[in-house]
Amino acid sequence: MATKKDAKGPSMIETFQEFKETKNIDRTTLVSVLEESFRNVIAKIFGSDENFDVIVNPDKGDFEIHRNRIVVADGEVQDENKEISLSEAQKIEPDYEVGEEVSEEVDFQKFGRRAILNLRQTLASKILELEHDSLYNKYKDKVGQVVSGEVYQMWKREVLLIDDEGNELHLPKQEQIPNDNYHKGETIRAIVKEVQNENNNPRILLSRTSPLFLERLLEAEVPEINDGLITIRRVARMPGERAKVAVESYDDRIDPVGACVGVKGSRVHGIVRELGNENIDVINFSNNTQLFIQRALSPAKVNRIVLNPEEHKAEVYLNPEEVSLAIGKGGLNIKLASMLTEFTIDVFRDVTEAEEDEDIYLDEFSDEIDQWIIDSIKAIGLDTAKAVLNAPREMLIEKADLEEETVDHLLEVLRAEFE
């Protein structure tokens, strides 16, 4: 009888070495795939694999194939695959008789290079397919969760990370915080944004700019959120610059803002550092829209708010010295407040009745300002000089679609009238 050692030449051992360290596939599935692959090749060679026993052990890179045949009288063999003549059987064991079953180990190596190549290709194809399925299912269930990866390669449009099982994770440029600097070998965190699976080829996309990333980091740092005592209701981010988070607690004994910020900012400090020094404002959520908008515009103090709920617009009136606080540097505060409250917010300076009486219609400035500029300003609902001066410069540029130089000249002419 051929021994197990004789049955496997170097090529077969090499074949098994490739697959015994296969990742992401449980042992039971791997055994099944290996057995199926052997049986496919056997069926092609012998026409049937029904009378074969295939035993595989991927942990050791070990396998055995036994063919079972019935002993028949000499000259009565009709199917050489399933029957063996008495004289041939007695060469294996001299005491075999007609009708008994002979089981002998098959030397797969003797099937030739083509059979071995066929087996390798079948194994590679099936295992790759299983690995892809396993990877897709693993990360599909992690969408929205924070994962860690080691920076492996950096390109212009994305950074390639490797997880602790050697899987590739992709962090596209648009999902990176602008001030992020990556170094090969460092570990970074991000949320799983999406898992694509085109042609059964999983591609895991990460994000560090998603509001959900900030939300998950807060959940990890603030036990009260994890315990369900505090709820994060809304998150708005300008990645790497500033963020606003609205929180709520159903327990009056808990201060949700204080719990999230921590003593002297201790709980958000690590998150701020993680996000490239992104400033985080935490405010109390409210179902009262006016109150929520007022809180969202903090640190500015609001005098009054006129809502247009149908169009999700809000006109906010403040003292002149509060307007710049409401708008914030580069318009950041008002943009985040709009994102957080889901209302388009326009801010205006509150003026006294005496100041309103002294107002002048824009058309009276037609000798100093081009009529098309006046028409553009009037088209956004501002008819008088004071109305324009009370409106934020950024709003005039954006809504009237005017160049910065044009708006600055307009404001200069109007201010001169009241000096």
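These figures come from a predicted structure and were not determined experimentally.

*Asks:* Would you mind going over the pattern of salt bridges in detail, with residue names and values included?
*Replies:* The full count for this structure, using the stated rule, is 25 salt bridges. The closest approach of N and O atoms between Lys91 and Glu88, which form a salt bridge, is 3.1 Å. Note that Lys91 and Glu88 are positioned in helix α4 (residues 86-92) at a spacing of three residues, about one turn of the helix. Residue Glu88 is classed as partly exposed on the basis of its relative accessible area, which comes to 39%. The residue Glu274 makes a salt bridge to Arg189 at a minimum N-O spacing of 3.0 Å. Here Glu274 is found in helix α9 (residues 266-274), whereas its partner Arg189 is found in strand β8 (residues 187-198), with 85 residues between them in sequence. The class for Arg189 is partly exposed, based on a relative accessible area of 32%. One salt-bridge network, in which partners are shared between bridges, spans Asp180, Arg189, Arg208 and Glu274.

*Asks:* Break down a negative patch on the surface for me, citing the residues and quoting the values.
*Replies:* A contiguous patch of negative charge on the surface is contributed by Glu93, Asp95, Glu97 and Glu100. Residue placement: Asp95 occurs in the loop between α4 and β4 (101-105).

*Asks:* Describe the sheet that holds strand β5 (residues 146-154), listing the residues and the values that go with them.
*Replies:* Read once around its circumference, the closed barrel built from five strands follows the order β5-β6-β7-β9-β8, with strand pairing classed as mixed. Taken over all neighbouring pairs, the strand axes of this sheet differ in orientation by 55° on average, direction set aside. Note that strand β7 (residues 168-172) and strand β9 (residues 201-207) share two bridges and pair parallel. When the bridges of β9 are listed, His170 appears paired with Leu205.

*Asks:* Describe helix α3 (residues 27-46), naming the residues involved and giving the relevant values.
*Replies:* Its 20 residues place the ends of α3 28 Å apart at the C-alpha level, agreeing with the 28 Å of an ideal helix rising 1.5 Å per residue. Where α3 is concerned, the buried positions are Leu30, Val31, Val33, Leu34, Ser37, Phe38, Arg39, Val41 and Ile42. Downstream of α3 by a residue or two, Gly47 has a phi angle that is positive, lying close to 90°.

*Asks:* Hey, could you go over the nonpolar core for me, with residue numbers and the actual values?
*Replies:* With 25 residues, the main nonpolar core has Ile293, Leu297, Val316, Leu318, Leu340, Ile345 and Val347 as its most contacted residues. Those elements that provide at least two residues to this core are α10 (289-296), β14 (313-318), α11 (320-327), α12 (332-341) and β15 (344-349). It is α12 that provides the largest number of residues to this core, a total of five residues. Of all hydrophobic cores here, the second largest spans 24 residues; its members include Tyr317, Ile374, Leu389 and Leu410.

*Asks:* Explain the packing of α3 against helix α5 (residues 113-140) to me, using residue names and the numbers behind them.
*Replies:* One can describe the packing of α3 onto α5 by two numbers: an axis separation of 9 Å at closest approach and a directional angle of 145°. Pair α3 / α5 crosses with right-handed handedness. Facing α3, whose interface residues are Thr29, Leu30, Val33, Leu34, Glu36, Ser37, Phe38, Asn40, Val41, Lys44 and Ile45, α5 presents Ala115, Asn118, Leu119, Thr122, Leu123, Lys126, Ile127 and Leu130. In terms of residue class, the contact of α3 with α5 is made up of 11 nonpolar, five polar and three charged.

Scoring rules and cut-offs
- Residues numbered from 1 in each chain as written.
- Predicted model: local features only at pLDDT ≥ 70, side-chain atom pairs only at ≥ 80, totals over all residues.
- Heavy atoms only, no water.
- Salt bridge = Lys/Arg side-chain N within 4 Å of Asp/Glu carboxyl O.
- Helix = DSSP H or I, 4+ residues; strand = E, 2+ residues; numbered from the N terminus.
- Buried < 20%, exposed > 50% of the residue type's maximum accessible area, 1.4 Å probe, protein only.
- Patch = residues over 30% accessible without salt bridge, like charges linked within 9 Å, V, L, I, M, F, W, Y side chains within 5 Å.
- Areas by Shrake-Rupley, 256 points an atom, 1.4 Å probe, with all protein chains shown as cover.
- Lys, Arg positive; Asp, Glu negative; His and termini not counted.
- Charge placed at Lys NZ, Arg CZ, Asp CG, Glu CD.
- Pairing = 2+ DSSP bridges.
- Axes fitted to C-alpha atoms, helices over the stretch in contact; angles between N-to-C directions.
- Expected span 1.5 Å × (residues − 1).
- Core = buried A, V, L, I, M, F, W, Y, C linked by side-chain atoms within 4.5 Å.
- Left-handed = near helix turned anticlockwise from the far one by under 90°.
- Contact = heavy atoms within 4.5 Å.
- Nonpolar A, V, L, I, M, F, W, Y, C, P; charged D, E, K, R; others polar.

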